[in-house]
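# Fold and geometry: a report
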Amino acid sequence: MISLSGLVAQFAVLALAILLAPMLTGWVNQCRAWLQNRSAPGLLQPYRVLGKLFNKEVVLAHNASPLFRAAPYLVFATTWVAAALVPTFASGLVISAAADMIAIVALLGSARFMLALAGLDVGTSFGGIGSSREMMIASLAEPAMLMIVFTLALIAGSTQLSTMSAFMNSPEVGLRVSLGLGLVALIIVAIAENARIPVDNPATHLELTMVHEAMILEYSGRHLAVIEVASFLKLLLYVS
């Protein structure tokens, strides 16, 4: 039986993830600016950007299909569910039993697939370039992510995230070369999945380097804001 307090705790964690995810992105942007020896933006800058986007009018191409309009919300929903399965702020929540690593990888893959379809929908050259590049990166990143999951699963004896977490916190783990290599692989996958240098640059508008930005170039207003929130949540998920 699911208790009311359990549901309240679950929704509180979901709300906290949305509230703090932009701040994490703001901190990452600050670190990048400091490493480049330039003035860093404020920690709350992502919140200001989201507020500006939500207040802007949505501009749609005349040949945009209903898929193009629905894709931002589908991407956000699947990413939010995947982030909810990861025990970022608390463990033992209501949906912890469903927190299977293969399910999380599948949810992130579904979000990527929807965004790639949206990039192709309008028929622009930039959208096609971004979608094809995204699928090429996914063909390398997703198998690597599954190999990381299977490495942990063979050691912990389960693909359930709560079981993995409990095992990793126990003294039985010790020092394992496989876990060290898995960590290195996870960092590489996280860089690729979150559109970070050297794989991608979320701030670029150069045709030769655009991947994520090329797919969302036709979005504006609240649609773009929802996609940005989904990318913030994705970064929080991988850091967690």
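Residues numbered from 1 in each chain as written. Predicted model: local features only at pLDDT ≥ 70, side-chain atom pairs only at ≥ 80, totals over all residues. Heavy atoms only, no water.

## A closer look at helix H3 (residues 66-85)
Over its 20 residues, H3 extends 29 Å from the first C-alpha to the last, a length consistent with the 28 Å expected when each residue adds 1.5 Å. Along its length, H3 reaches its greatest deviation from straightness, about 30°, at Pro72. (Helix = DSSP H or I, 4+ residues; strand = E, 2+ residues; numbered from the N terminus. Expected span 1.5 Å × (residues − 1). Bend = angle between axes of the 7 residues up to and from the residue.)

## Considering the pattern of salt bridges
Per the counting criterion, the structure on display carries four salt bridges. Residue Arg112 is joined to Glu142 by a salt bridge in which the shortest nitrogen-to-oxygen separation is 2.3 Å. Note that Arg112 is positioned in helix H4 (residues 101-121) and Glu142 in helix H5 (residues 125-156), a separation of 30 residues in sequence. Exposure remark for Arg112: the relative accessible area of 5% places this residue in the buried category. When the shortest N-O distance is used, the salt bridge between Lys234 and Glu193 registers 3.2 Å. With Lys234 in helix H9 (residues 221-239) and Glu193 in helix H7 (residues 177-193), the pair connects residues that are 41 residues apart, well separated along the chain. Neither Lys234 nor Glu193 differs from the other in exposure class; each is buried. (Salt bridge = Lys/Arg side-chain N within 4 Å of Asp/Glu carboxyl O. Buried < 20%, exposed > 50% of the residue type's maximum accessible area, 1.4 Å probe, protein only.)

## Considering unusual backbone geometry
Positive phi, close to 60°, is recorded for Asn37, a residue that is not glycine. Position of Asn37 relative to the elements: it lies in the loop between helix H1 (4-35) and helix H2 (45-55). With a phi angle near 55°, Ala195 is a residue other than glycine that sits in the positive phi range. Topologically, Ala195 is positioned in the loop between H7 and helix H8 (212-215).

## Quick look at the packing of aromatic side chains
Going through the model one piece at a time under the given rule, you end up with two aromatic pairs. Ring plane angle 0° and centroid distance 4.1 Å describe the contact between Phe68 and Tyr219, whose orientation is recorded as stacked. Note that Phe68 is positioned in helix H3 and Tyr219 in the loop between H8 and H9, a separation of 151 residues in sequence. In this structure, Phe68 and Tyr219 share a single accessibility class: buried. (Phe/Tyr/Trp six-rings, centres within 6.5 Å; stacked < 30°, edge-to-face > 60°.)

## What to know about the packing of H2 against H9
The N-to-C vectors of H2 and H9 enclose an angle of 150°; their axes lie 7 Å apart at closest approach. Between H2 and H9, the angle is such that the two are roughly antiparallel. Packed against H2, whose contacting residues are Pro46, Leu50, Leu53 and Phe54, the element H9 presents Gly221, Arg222, Leu224, Ala225, Val226, Glu228, Val229 and Phe232 at the interface. Broken down by class, the residue content of the contact of H2 with H9 amounts to nine nonpolar, one polar and two charged. (Axes fitted to C-alpha atoms, helices over the stretch in contact; angles between N-to-C directions. Parallel < 35°, antiparallel > 145°, perpendicular 65-115°, else oblique. Contact = heavy atoms within 4.5 Å. Nonpolar A, V, L, I, M, F, W, Y, C, P; charged D, E, K, R; others polar.)

## Looking at the environment of Asn194
With respect to the secondary-structure elements, Asn194 resides in the loop between H7 and H8. Classification of Asn194 by relative accessible area gives buried; the value is 10%. Remark: the alpha-carbon pair of Asn194 and Tyr238, spanning 44 residues in sequence, is separated by 8.5 Å. Filtering out sequence-adjacent residues up to four positions away, Asn194 remains in contact with Ser231, Lys234, Leu235 and Tyr238. For Asn194, the side chain forms a polar contact with the main-chain oxygen of Ala190, separated by 2.8 Å. Engagement of the side chain of Asn194 in a polar contact is seen with the backbone nitrogen of Leu235, the distance being 3.1 Å. (Polar contact = N/O pair within 3.5 Å; in protein donor to acceptor, adjacent residues only side chain to side chain.)

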